Amino acid sequence: MVTVAEAIDRLLETYRSLPGSNYVDATLILVVAWFGSRLLIRFLGRPIARRFQRPSLTKTILSGIRAIVMVLAASVAANQVGFKAGDILLSVTVFSAVLGLVLAPIIGSVINGLFLLADQPYEVGDMIKLVDRNQRGYVEDITLRYTKIFTLENTFLVIPNSNMRDRDVINYSAEDTRSRLSLQLLVTYEGDLKQARAILERAARETNEVVEGGPDIRIGSARYPSAPVAYIKDYADHGVLLELRYWVKDPYYVGRVESKIQERVWDQLDAADVEIAYPHSHLVFDETSGTASVEVTESERRTRPEEFDAPD
């Protein structure tokens, strides 16, 4: 009588005697490793995220774990089909020069990606600005090879990390999301400067996105007033240059906030003794100016006789 174990052994021997069974085994190993790595990532994802508290670093670690599982599975599958370690070393020796040339840019981006993860200049979800492109956007993803940015124009920028490390990047979301902005206004010398400064400060305070006041905001060792403040910046050629400095709560709608403030300033200037200055020149003639020849046309004499006709 044949036992169950003996029956299973015979079935396995029959299966192994079939042509191509080793390739089936290799395929099964890779499939099991694929689904097993997904289950492992799902199991380890939450603890790793709590440990590091950085989405980019968490994703990199989980991707590394999955890659290690797949590499180990690939090595076992290669052994099943008779691919030995010596063959791997020979292949690496033959193709090392070619692969070095092809993979050099990728390796450089990976190394710079490690530096980015270590330096933490920005994180997933941060709003940044690329100074050289004068373009702002949100960091969508950070990998070892590239950084993906979702711009405010509803487009994606995928930039290799080797290029990102060479760029000047402004991070608007680092730690404190409050950002300091400024608005300049040139008013005439004849206007009321005190009233003009009050108009600027009031226009900023009446905007919901602006920090109205409170404790001073600390930047490094310096402290700055949180409430909007208007200063006299310069006595310019055509007027007095005023500068409004204010803080916004979030840096995500800067253009909208600036537009609201300028609209309120424009509305309040109509009822105030303040005028916006523009480039103009006054010509003054006196006894030291010499003489000038002036010719009056007949049409001007007919239209404005009171200016040109001498009294009787």
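If you're wondering where the values come from, they're calculated on a predicted model, not measured in any experiment. (Residues numbered from 1 in each chain as written. Predicted model: local features only at pLDDT ≥ 70, side-chain atom pairs only at ≥ 80, totals over all residues. Heavy atoms only, no water.)

Draft legend 1. View of the side chain of K129. By secondary structure assignment, the location of K129 is in strand 1 (residues 127–130). Although K129 is buried, it forms no salt bridge, and the closest oppositely charged side chain is E258 at an N-O distance of 9.3 Å. Once residues within four sequence positions are removed from consideration, K129 is found in contact with N134, Q135, R136, D168, V169, I170 and Y172. (Helix = DSSP H or I, 4+ residues; strand = E, 2+ residues; numbered from the N terminus. Buried < 20%, exposed > 50% of the residue type's maximum accessible area, 1.4 Å probe, protein only. Lys, Arg positive; Asp, Glu negative; His and termini not counted. Salt bridge = Lys/Arg side-chain N within 4 Å of Asp/Glu carboxyl O. Contact = heavy atoms within 4.5 Å.)

Draft legend 2. Region of interest: helix 7 (residues 254–269). Its 16 residues place the ends of helix 7 23 Å apart at the C-alpha level, agreeing with the 22 Å of an ideal helix rising 1.5 Å per residue. Those residues of helix 7 lying buried are V254, V257, I261, V265, Q268 and L269. Down the axis of helix 7, the buried side of the element spans an arc of 105 degrees, and every buried residue falls inside it. The exposed set on the far side of helix 7, more than 90 degrees from its buried face, consists of E263 and W266. Against the buried residues of helix 7 lie strand 2 (135–142), strand 6 (179–187), helix 6 (193–205) and strand 10 (240–248). (Expected span 1.5 Å × (residues − 1). Arc of directions from axis to C-beta.)

Draft legend 3. Fine view of the packing of aromatic side chains. Across all of its chains, the model carries 1 aromatic pair by this definition. When the ring of F150 is compared with that of F156, the centres are 4.9 Å apart and the planes differ by 65 degrees; the resulting orientation is edge-to-face. Relative accessible area serves as the criterion here: at 27%, F150 is assigned to the partly exposed category. Directly above the ring of F156 sits K148, whose terminal nitrogen or CZ lies 5.2 Å from the centroid. Taking the ring centre of Y253 as reference, the NZ or CZ of R256 above it sits at 4.4 Å. (Phe/Tyr/Trp six-rings, centres within 6.5 Å; stacked < 30°, edge-to-face > 60°. Lys NZ or Arg CZ within 6 Å of the ring centre and 35° of its normal.)

Draft legend 4. Fine view of the sheet that holds strand 10. Taken in spatial order, the 3 strands line up as 6-10-9 in an open sheet, and their pairing is antiparallel. Both edges of this open sheet fall to strand 6 and strand 9 (229–235), since each of them pairs with a single strand only. Averaged over all pairs of adjacent strands, the angle between their axes in this sheet comes to 25 degrees, without regard to strand direction. As judged from the 9 bridges shared by strand 6 and strand 10, these two strands associate in the antiparallel manner. From the neighbouring strand, V187 faces strand 10, where its bridge partner is V240. (Pairing = 2+ DSSP bridges. Axes fitted to C-alpha atoms, helices over the stretch in contact; angles between N-to-C directions.)

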